[in-house]
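Residues per chain, in single letters:
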Amino acid sequence: MNTINYNSPDYRRSRTAYIVQCAFEYLVTLLVTDAFLAKLLSNLDMSDAMVGIISSFTSLAFLIQLFSIFLVNTEVSRKKLVVVFDTLSLLAFMFIYFVPFLPVGGTAKKLIVMLSVMLAYAGKYLISSICYKWANSYVEPTRRAQYSAVKEIISLISGIVFTAFMGYVVDRFESLDNLEGGFLFIALSLLLLNICNFISLMMIKKEEPSEIQVATRPWGEVMQNTLLNRNFRNVIILTILWESARYFTVGFLGVYKTNDLCLSVFAVQLINMVANGCRMFVSVPFGRYSDRHTFAKGFELALFIAATAFFCNIFTSPQTCWMIVIYTILYNVCLAGINANSFNITYSYVKNEYFAQAMALKNSIGGLCGFGASLLAGKILSAVQANGNQMFGIPLYGQQLLSAISFTLLVAAALFTHFVIAKQKVIVQ
């Protein structure tokens, strides 16, 4: 039996290239979420509820991962699939910032933006589980969480500098009454990031032909080892609770920050910089904790921190806008634990040969529930706003109520992880 040499030049180069690629993709994500996306959508005269729903399209796009099961059961190169679809996805993200310049009506622009965002996320998530299994295969199994932490730190450092600069540029254009110029600058930045992302993916080692053939499995065998696996079904339940909790609120906070709390894009990015710095500080300790105590224990700790974050956000209003800083820091800190464990926890309860299929099923189901949560949250937000930001005569912003619901779901998720998932037998592989 051949022993894999994780210190070979190809493996080391692949690990480094994957870290760099994730950093470039993270920078793209920053430009198509939160205050940047909210600024674009508000410019197109979309309501707060619609901005939140579009911001949550990422969860619905997870459904497309179901189709990745068909891709896994083919003998097409994993690298080729990832490079093609990831590149097209990033180009679709870039296109949304060109929409304000299109010679069409306002309604048409809104529809084009929604379609572009959906297509971008569809392309991204179609190959996300395939990409993760392929690129992560060059990482030593006993160091997966720590590697994820280092990967995250590099992305966060890049993001701190990048968002501060981009936030300043957009605010500068807006102060000159030329917000469209800011959108054009973002679009060109996205084009450059796409090129860098493409180069990074090309530097990752292509899988061996034998590895592609091994991935082909009968459907009955796949289902037996995924959805019919009780331990994995519990992971799906956990994913549903987490995705529903965060999409119930997060997608509606970008417009809340810029419209109700009256924060500039640059101010939002400064807060994000501080929060990302805190997240960066705890990433490696979180990774070591998870590698030492199981991914479930790491996930549990992250969920309790997330619940605390949304509890603080219940009390965030224009009069206490400083609370958004506490929320943002705690939420970003929790992501250090979520990101180090949400992918890796699947390794604990599903055999390696069914990993990509399990990830696709888990993310699709969780994403669908997350999008459903955002639709319900949009209706609640609209109802509260229509009532003059009051509930039972008490002054209350819709985002505060949404945060209370997210808090409840996260407490339930943390308790479920502690009493059910953490007690399951872990597969060592």
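As the structure is a computational prediction, the values presented were derived from the model and not from experiment.

A word on the overall build of the protein chain
Here is step 1: On a plain count of helices and strands, the protein chain comes out with 20 helices and 2 strands.
Here is step 2: For the protein chain, whose C-alpha radius of gyration is 21 Å, the value lies close to the compact-globule estimate of 22 Å for 429 residues.
Here is step 3: Across the 429 residues of the protein chain, 56% fall into the buried class.
Here is step 4: Look at the contacts in the protein chain between residues 6 or more apart in sequence, and 85% of them connect residues 24 or more apart.
Here is step 5: Accessible surface, the protein chain: about 17700 Å² in total, of which carbon and sulfur atoms supply 68%.
Here is step 6: Where the 31 positive side-chain charges of the protein chain centre and where its 22 negative ones centre are 8 Å apart.

Here's the deal with the nonpolar core
Here is step 1: One finds Tyr-97, Trp-242, Leu-303 and Ile-345 to be the most contacted residues of the largest nonpolar core, which totals 84 residues.
Here is step 2: Ranked by residues supplied to this core, first place goes to helix 16 (residues 295-313) with 10 residues.
Here is step 3: Not counting the four nearest positions on each side in its chain, Trp-242 is found in contact with Leu-303, Ala-306, Tyr-331, Cys-334, Leu-335, Ile-338 and Leu-410.
Here is step 4: Counting 25 residues, the second largest nonpolar core, distinct from the first, contains Ala-17, Tyr-18, Ile-130 and Ala-135.

Here we look at the side chain of Asn-234
Here is step 1: Along the polypeptide, Asn-234 turns up in helix 13 (residues 230-247).
Here is step 2: For Asn-234, a relative accessible area of 13% translates into the label buried.
Here is step 3: The contact partners of Asn-234, leaving out residues within four places of it in the chain, are Phe-416, Val-420, Ile-421 and Gln-424.

What about the state of the cysteines?
Such a bond, covalent and formed between the sulfur atoms of two cysteines, is termed a disulfide.
Here is step 1: Under the criterion given, the structure shown has 0 disulfides.
Here is step 2: Free cysteine: Cys-312, not disulfide-bonded; nearest cysteine sulfur from Cys-334 at 12 Å.
Here is step 3: Here Cys-312 falls in the buried class, since its relative accessible area comes to 14%.
Here is step 4: For Cys-334, a relative accessible area of 0% translates into the label buried.

Observations concerning the packing of helix 2 (residues 34-43) against helix 15 (residues 265-293)
Two measures define how a pair of helices packs: the angle their axes make with one another and the distance between the axes.
Here is step 1: Where helix 2 meets helix 15, the closest approach of the two axes is 9 Å, and the angle between their N-to-C directions is 160 degrees. In terms of orientation, helix 2 lies roughly antiparallel with respect to helix 15. Where helix 2 crosses over helix 15, the handedness of that crossing is right-handed. Contact with helix 2, carried on its side by Asp-34, Ala-35, Phe-36 and Lys-39, involves Val-265, Val-268, Gln-269 and Asn-272 of helix 15 and no other residues of that element.
Here is step 2: Within the contact of helix 2 with helix 15, the residues separate by chemical class into 4 nonpolar, 2 polar and 2 charged.

Calculation notes
Residues numbered from 1 in each chain as written. Predicted model: local features only at pLDDT ≥ 70, side-chain atom pairs only at ≥ 80, totals over all residues. Heavy atoms only, no water. Helix = DSSP H or I, 4+ residues; strand = E, 2+ residues; numbered from the N terminus. Rg over C-alpha atoms; globule rule 2.2 N^0.38 Å. Buried < 20%, exposed > 50% of the residue type's maximum accessible area, 1.4 Å probe, protein only. Contact = heavy atoms within 4.5 Å. Areas by Shrake-Rupley, 256 points an atom, 1.4 Å probe, with all protein chains shown as cover. Lys, Arg positive; Asp, Glu negative; His and termini not counted. Charge placed at Lys NZ, Arg CZ, Asp CG, Glu CD. Core = buried A, V, L, I, M, F, W, Y, C linked by side-chain atoms within 4.5 Å. Disulfide = S-S within 2.5 Å. Axes fitted to C-alpha atoms, helices over the stretch in contact; angles between N-to-C directions. Parallel < 35°, antiparallel > 145°, perpendicular 65-115°, else oblique. Left-handed = near helix turned anticlockwise from the far one by under 90°. Nonpolar A, V, L, I, M, F, W, Y, C, P; charged D, E, K, R; others polar.

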